[in-house]
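Below, each chain spelled out in residue letters.
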Amino acid sequence: MVDSGEPLRLMLLHLWHILPYALLTVLPVVLVGALLLHWLRNGSLSTSMTVLVLIPVAALLVGVLGISGFMFNTALTTMLLVCLLVTLVTVPVAVFLGRRIARRSVWEREARERERAAEASRRELVAWISHDLRTPLAGIRAMAEALSDGVVSSPREVTGYANRIGGETRRLSSMVDDLFELSRITAGALQLTMAAVPLQDIVSDALSAQVPVAERKRVRLLAEARLWPVVLGSDPELARVVINLISNAIRHTPPNGTVAVKVDVEGPDAVLSVDDACGGIPEAELTRVFDVAFRGSAARTPEEHGGGGLGLAIAKGLVEAHHGRINASNHGPGCRFEVRLPLAV
């Protein structure tokens, strides 16, 4: 035993004699704790912090018991009780802090992943703009120069060039409108005026608007519903969703194919599905069809004039703004895009 009245030299000498016994008893506990932490490295952070707190407490208990030779006296009993009280206080605190730190770490990791995804999406969007906007602009410039230089002079050719310039201008205008709509969605600036909207009116108007496009491609349009529900939403935005889905289905359906719109009710949701005959999407790409500027691979039937690649991304943003869900799957000879919207109460 070390007497508190001993000179410092004797205290250090006692410490030198005690040190080997302390190391022999404490080191195994520390090694076992290190192995346990290594084994739990992929587990929860709160568990790891609890073990990390228990290691020095257990090492202290074993060290005291080893040095005392398990001779229980008043001092040893008091020390053990103090260690027990410390354990009862520190372990709950370690669990609490571990859970808080774990939640914060998960939030920070998810935030970093969202930032990386947003940055990748921005880079992809910039690349898309530089390519797809430049193509019609180059055509408009070339045709305008031909008209200006007198290369095209006959009335029939001038009319044809004017019509083509008008078509490319409308295409550019559509792309700019899509970009504006997408920027509103991603910036959180989209404000919806919610009301009870009959889904039959939305689908009927969207089909009527797309009939000329379908006839030019010789694509059949079908609509069927077990019943026509009323949903809670904003009329213009829901119309944009349905038109985007139908136009996308027509664009990727080959001639003599069929685009079918089906409406039903499942529980608290109205379900609208659009089936096309695009030939299917590879399973690895199904999760990316709603990404900005995604156009897929050759598995889909190629069309003469591809879209801007924003229609499905806009549809997804608008559906989610209505607290709904949208997904894509392979179905029959093509794909099925299914939208679920909450029913109006």
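Novice: Residues and numbers for the packing of aromatic side chains, please.
Specialist: Each aromatic ring pair is summarised here by two numbers: the centre-to-centre distance and the angle between the ring planes. Going through the model one piece at a time under the given rule, you end up with 1 aromatic pair. Here the guanidinium or amino end of Arg164 rests over the ring plane of Tyr161, the centre of that ring lying 5.4 Å away.

Novice: Talk me through unusual backbone geometry; I want residue IDs and the actual numbers.
Specialist: Not every positive phi belongs to a glycine, and Arg218 is a case in point at roughly 55°. Take Arg218: it is sitting in the loop between α6 (199-217) and β2 (220-225). If you check the backbone angles, His323 has positive phi at about 60° while not being a glycine. Within the secondary structure, His323 is located in the loop between α8 (311-321) and β6 (325-331).

Novice: Break down helix α7 (residues 235-252) for me, citing the residues and quoting the values.
Specialist: Counted at 1.5 Å a residue, the expected span for α7 with its 18 residues is 26 Å, and the 26 Å between its end C-alpha atoms agrees. Of the residues making up α7, those classed as buried are Glu237, Leu238, Val241, Val242, Asn244, Leu245, Ile246, Ser247, Asn248, Ala249, Ile250 and His252.

Novice: Could you give an account of the sheet that holds strand β5 (residues 269-275), naming the residues involved and the relevant values?
Specialist: Spatially, 5 strands are ordered β2-β4-β5-β7-β6 in an open sheet, and the strand pairing comes out mixed. Either end of the sheet is taken by a strand with one partner, and the two such strands are β2 and β6. Neighbour-to-neighbour, the strand axes of this sheet turn through a mean angle of 15°, independent of strand direction. As paired elements, β6 and strand β7 (residues 334-342) share 7 bridges and run antiparallel to each other. Residue pairing in the sheet places Asn330 in a bridge with Cys335 of β7.

Novice: Before we move on, can you summarise the environment of Asp235 with the specific residues and values?
Specialist: Position of Asp235 relative to the elements: it lies in helix α7. By relative accessible area, which is 43% here, Asp235 ends up partly exposed. For the pair formed by Asp235 and Met194, sequence separation is 41 residues and the distance between their alpha carbons is 8.2 Å. Sequence-distant contacts of Asp235, that is, excluding residues within four places in its chain, are made with Val197 and Ile202.

Novice: Which residues make up the pattern of salt bridges, and what values do they have?
Specialist: Close approach of charged atoms allows side chains of opposite charge to pair. Following the criterion strictly, the structure yields 9 salt bridges and no others. The salt bridge partner of Glu145 is Arg141, with a shortest N-O separation of 3.2 Å. A residue pair is termed a helical-turn pair when its members lie 3 or 4 positions apart in one helix, as Glu145 and Arg141 do in helix α4 (residues 134-148) at 4 residues. For Lys262, the salt bridge goes to Asp275, with nearest N and O atoms at 3.8 Å. Of this pair, Lys262 sits in strand β4 (residues 258-266) while Asp275 sits in strand β5, and the two are 13 residues apart along the sequence. When its relative accessible area of 7% is taken as the criterion, Asp275 is described as buried. Here the salt bridges share partners, and the residues they tie into one network are Lys262, Asp275 and Arg336.

Novice: An account of the pairing of β4 is requested, with residue identities and associated values reported.
Specialist: Of the pairings in the sheet, the one linking β2 to β4 comprises 6 bridges and is parallel in character. In the sheet register, Arg220 faces β4, and the bridge partner there is Thr258. Inspection of the sheet shows β4 paired to β5 by 7 bridges, in the antiparallel sense. Within β5, the residue paired with Glu266 across the bridge is Asp269. Linking two consecutive strands that pair antiparallel, namely β4 and β5, is a turn of 2 residues; a positive phi of about 60° is found at Gly267 within it.

Novice: Break down a nonpolar patch on the surface for me, with residues and values.
Specialist: Side chains of Val89, Val93, Phe96, Leu97 and Ile101 sit close together on the surface and give an oily, nonpolar patch of about 440 Å² of accessible area. Checked against the element boundaries, Phe96 lands in helix α3 (residues 74-132).

Criteria and thresholds
Residues numbered from 1 in each chain as written. Predicted model: local features only at pLDDT ≥ 70, side-chain atom pairs only at ≥ 80, totals over all residues. Heavy atoms only, no water. Phe/Tyr/Trp six-rings, centres within 6.5 Å; stacked < 30°, edge-to-face > 60°. Lys NZ or Arg CZ within 6 Å of the ring centre and 35° of its normal. Helix = DSSP H or I, 4+ residues; strand = E, 2+ residues; numbered from the N terminus. Expected span 1.5 Å × (residues − 1). Buried < 20%, exposed > 50% of the residue type's maximum accessible area, 1.4 Å probe, protein only. Pairing = 2+ DSSP bridges. Axes fitted to C-alpha atoms, helices over the stretch in contact; angles between N-to-C directions. Contact = heavy atoms within 4.5 Å. Salt bridge = Lys/Arg side-chain N within 4 Å of Asp/Glu carboxyl O. Patch = residues over 30% accessible without salt bridge, like charges linked within 9 Å, V, L, I, M, F, W, Y side chains within 5 Å. Areas by Shrake-Rupley, 256 points an atom, 1.4 Å probe, with all protein chains shown as cover.

By themselves, these observations are geometric and do not establish any function.
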